[in-house]
Amino acid sequence: WTALPLCCLYLLMLLGNCTLLWMIKTDHSLHTPMYYFLSMLAMADLGLSLSTLPTMLAIFWFQSTSLHFEACIAQMYFIHSFSAIESGVLVAMAFDRFVAICYPLHYASVLTNSLIMKAGGMIFTRGICVVIPVAVLIKKMPFCRSHVLSHSFCLHQDMLRLVCGDVRVNSLYGLTAVILTKGLDSLTILLSYVMIIRAISSIVSQEARAKAFSTCISHLCAVLIFYIPLIGLSITHRFGKHLPPLTHTLLADAYLLVPPVLNPLVYSWKTKQIRRRILILLCR
């Protein structure tokens, strides 16, 4: 029975993110930096969810619980790559809000199409390259313990549990990769919002202050939706070994399924242009 809600979540994710991408592509009024970054977020969400789709449905729909080692490493690579890409896109979106609120007169001259393309290329390149050593290192490790994973997909932390050799290098690089991606990204987002709050607090009009802050709500929701399950999963893997296995499974599922499902809903609800476009489509 678990396959049914999972299928519904995947279908909702596909519908929401594909609709966002289609609207941004076809509506020329949405051809602005904020929506370009939103389309990158939708692509990262699609990649993250589709990476888990084969094994999730194979287990819950067809009761197939076996997976080749190479396929497991490939899945682990794509999951962690798209996760790093999504984190980088959230930083780019924070920079977009920072320029829009702190330097509104320079917004068009700073966030040019060329800069957006370069930023997108750097974000995707970083996500692709930083995870390659993780996959290479774990492929060389001996697995002589139980080959049963805790989750319905392959994660680096979960696979390290099954290694019977010395995992210090793997753990150290994995931690370094997390610090250089999600660690630095979260600090950059925090710094951006400190600057944004300072700029908003200097606005005299309370109405203008509320209007300026309202443009950040969607992004703030996306940041919280992404980082809260991630932090919860990391803490559970490090310090929650005594917790029931179901706790680890639910947190891992939330980390990979909740952001791709909720992000389109949040942006459709809080962004006037997208909400208006959806209403027009529904009326037709």
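Since the structure is predicted, the reported quantities are computational estimates derived from the model, not experimental observations. (Residues numbered from 1 in each chain as written. Predicted model: local features only at pLDDT ≥ 70, side-chain atom pairs only at ≥ 80, totals over all residues. Heavy atoms only, no water.)

**With respect to the state of the cysteines**
- Applying the stated criterion to the full structure yields one disulfide.
- Each sulfur of the disulfide joining cysteine 72 and cysteine 154 lies 1.9 Å from the other. Sign of the S-S torsion, about -120 degrees for the bond between cysteine 72 and cysteine 154, identifies this disulfide as left-handed. Separated by 82 residues along the polypeptide, cysteine 72 in helix α3 (residues 69-102) and cysteine 154 in the loop between α6 (132-139) and α7 (156-160) bring together distant segments of the chain. (Disulfide = S-S within 2.5 Å. Helix = DSSP H or I, 4+ residues; strand = E, 2+ residues; numbered from the N terminus.)

**Quick notes on the nonpolar core**
- Grouped together as the largest cluster of nonpolar side chains are 54 residues, with contacts concentrated most on Leu38, Leu90, Met93 and Ile189.
- Of all the secondary-structure elements, those providing two or more residues to this core are α1 (3-26), α2 (33-62), α3, α5 (113-130), α8 (168-201), α10 (217-239) and α11 (245-270).
- Looking at which element gives the most residues to this core, the answer is α3, with 11 residues.
- In this structure, methionine 93 is in contact with Phe37, Leu38, Leu41, His219 and Tyr267, ignoring residues within four places of it in sequence.
- With 15 residues, the next largest nonpolar core counts Ile73, Tyr77, Ala135 and Ala177 among its residues. (Core = buried A, V, L, I, M, F, W, Y, C linked by side-chain atoms within 4.5 Å. Buried < 20%, exposed > 50% of the residue type's maximum accessible area, 1.4 Å probe, protein only. Contact = heavy atoms within 4.5 Å.)

**Comments concerning the pattern of salt bridges**
- Inspection of every chain in the model, using the stated rule, returns two salt bridges.
- Salt-bridge contacts for arginine 97 lead to aspartate 96; the nearest nitrogen and oxygen are separated by 2.8 Å. For the residue pair arginine 97 and aspartate 96, the accessibility class agrees, reading buried in each case. (Salt bridge = Lys/Arg side-chain N within 4 Å of Asp/Glu carboxyl O.)

**Some points on α6**
- Inspection of α6 places Val134, Ala135 and Ile138 among the buried residues, and these make up the whole buried set. Seen along its axis, α6 keeps its buried residues to an arc of 95 degrees; they face one direction.
- Its buried side turned inward, α6 meets α3, α5, α7 and α8. (Arc of directions from axis to C-beta.)

**Digging into the packing of α2 against α5**
- In the contact formed by α2 and α5, the axes pass within 11 Å of each other and the chain directions differ by 20 degrees. By the angle between their directions, the pair α2 and α5 is classed as roughly parallel. As α2 runs across α5, the sense of the crossing is right-handed. Two secondary-structure elements touch here, α2 through Pro33, Tyr36, Phe37 and Met40 and α5 through Asn113, Ile116 and Gly120. (Axes fitted to C-alpha atoms, helices over the stretch in contact; angles between N-to-C directions. Parallel < 35°, antiparallel > 145°, perpendicular 65-115°, else oblique. Left-handed = near helix turned anticlockwise from the far one by under 90°.)

**Describing a nonpolar patch on the surface**
- Together, Leu180, Leu184, Leu187, Leu190 and Val194 give the surface a local cluster of nonpolar side chains, amounting to about 470 Å² of exposed area.
- If you trace the backbone, leucine 190 turns up in helix α8. (Patch = residues over 30% accessible without salt bridge, like charges linked within 9 Å, V, L, I, M, F, W, Y side chains within 5 Å. Areas by Shrake-Rupley, 256 points an atom, 1.4 Å probe, with all protein chains shown as cover.)

**Let's talk about the packing of aromatic side chains**
- For the structure on display, the rule yields five aromatic pairs.
- Considering the side-chain rings of tyrosine 77 and phenylalanine 78, the 5.5 Å spacing of their centres and the 70 degrees angle between planes classify their relative orientation as edge-to-face.
- Given the relative accessible area of 17%, tyrosine 77 is considered buried.
- An angle of 25 degrees between the planes, with centres 6.5 Å apart, marks the rings of phenylalanine 78 and phenylalanine 82 as stacked. Remark: phenylalanine 82 and phenylalanine 78 occur in helix α3; sequence separation between them is four residues, near one turn of the helix. (Phe/Tyr/Trp six-rings, centres within 6.5 Å; stacked < 30°, edge-to-face > 60°.)

**Considerations on the side chain of serine 192**
- Along the chain, the position of serine 192 falls in helix α8.
- The buried category is assigned to serine 192, whose relative accessible area is 12%.
- Contacts of serine 192, omitting those with residues within four sequence positions, involve Ala94 and Phe98.

**Here we look at the UniProt feature "transmembrane region" (unreviewed entry) in the protein chain**
- Mapped onto this numbering, the UniProt entry gives "transmembrane region" (unreviewed entry) at residues 34-62, 74-95, 115-138, 216-235 and 247-267.
- Helix makes up 100% of residues 74-95 and strand 0%. Its end C-alpha atoms lie 32 Å apart. (UniProt positions renumbered as here; feature names shortened; annotations may be inferred.)

**Focus: the environment of valine 261**
- Along the chain, the position of valine 261 falls in helix α11.
- For valine 261, a relative accessible area of 8% gives the class buried.
- With residues up to four places along the chain from it excluded, the contact list for valine 261 reads Leu9, Leu12 and Met13.

**Overview of the environment of isoleucine 138**
- Relative to the elements of secondary structure, isoleucine 138 occurs in helix α6.
- Sequence separation between isoleucine 138 and glutamine 157 is 19 residues; the distance between their C-alpha atoms is 11 Å.
- Discounting chain neighbours no more than four positions away, the residues touching isoleucine 138 are Phe69, Ile73, Met76, Phe143, His156, Met159, Leu160 and Asn170.

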